[in-house]
Amino acid sequence: MCNCGSVHFYDVSFKLQGMTVVPTCKNCGESLSDEQFSKFEKELVKHWGFDEKD
Ligand SMILES: [Zn+2]
């Protein structure tokens, strides 16, 4: 699992693992932790203007 301090949305790629698409850090090649993924989602919302429930 990725331990990089800050993972920006452009540092994330999506890899297919079996039937699941896993968000993966481009810097270390490891999958993101839940905390990193929620940060990544927030950045995505900011950059692309997606609207979420909160
Ligand atoms: Zn990483």
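Quick note: structure is the one above.
As the structure is a computational prediction, the values presented were derived from the model and not from experiment.

Asks: I'd love a proper account of the packing of aromatic side chains, names of residues and values included.
Replies: Think of a pair of aromatic rings as described by two things: how far the centres are apart, and how the planes are tilted against each other in angle. As enumerated under the stated definition, the model contains 3 aromatic pairs in all. Between Phe14 and Phe40, the ring centres sit 5.8 Å apart and the planes meet at 55 degrees, which makes this aromatic pair tilted. Placement of Phe14 in strand E1 (residues 12–17) and of Phe40 in helix H1 (residues 34–48) is noted, with a sequence separation of 26 residues between them. By relative accessible area, which is 48% here, Phe14 ends up partly exposed. Phe40 sits in the buried class, given a relative accessible area of 2%. Both rings, one in Phe37 and one in Phe40, keep their centres 5.8 Å apart while their planes meet at 35 degrees; by these two values the pair is tilted.

Asks: With reference to specific residues and values, describe the coordination of the zinc ion.
Replies: Protein-derived ligands of the zinc ion are Cys2 (SG), Cys4 (SG), Cys25 (SG) and Cys28 (SG), with the metal-ligand distances lying across 2.3 to 2.4 Å. Coordination geometry of the zinc ion: the 4 donor atoms subtend angles of 106 to 119 degrees at the metal centre, consistent with an arrangement described as tetrahedral. For the zinc ion, the donor residues sit on a single chain with the sequence spacing C-x1-C-x20-C-x2-C. Of this pair, Cys4 sits in the segment before E1 while Cys25 is found in strand E2 (residues 20–25), placing the two residues 21 residues apart along the sequence.

Conventions used here
Residues numbered from 1 in each chain as written. Predicted model: local features only at pLDDT ≥ 70, side-chain atom pairs only at ≥ 80, totals over all residues. Heavy atoms only, no water. Phe/Tyr/Trp six-rings, centres within 6.5 Å; stacked < 30°, edge-to-face > 60°. Helix = DSSP H or I, 4+ residues; strand = E, 2+ residues; numbered from the N terminus. Buried < 20%, exposed > 50% of the residue type's maximum accessible area, 1.4 Å probe, protein only. Donors = N, O, S within 2.8 Å, 3.2 Å for Na, K, Ca; no water. Tetrahedral: all angles 85-135°; square planar, octahedral: opposite > 155°, others 65-115°.

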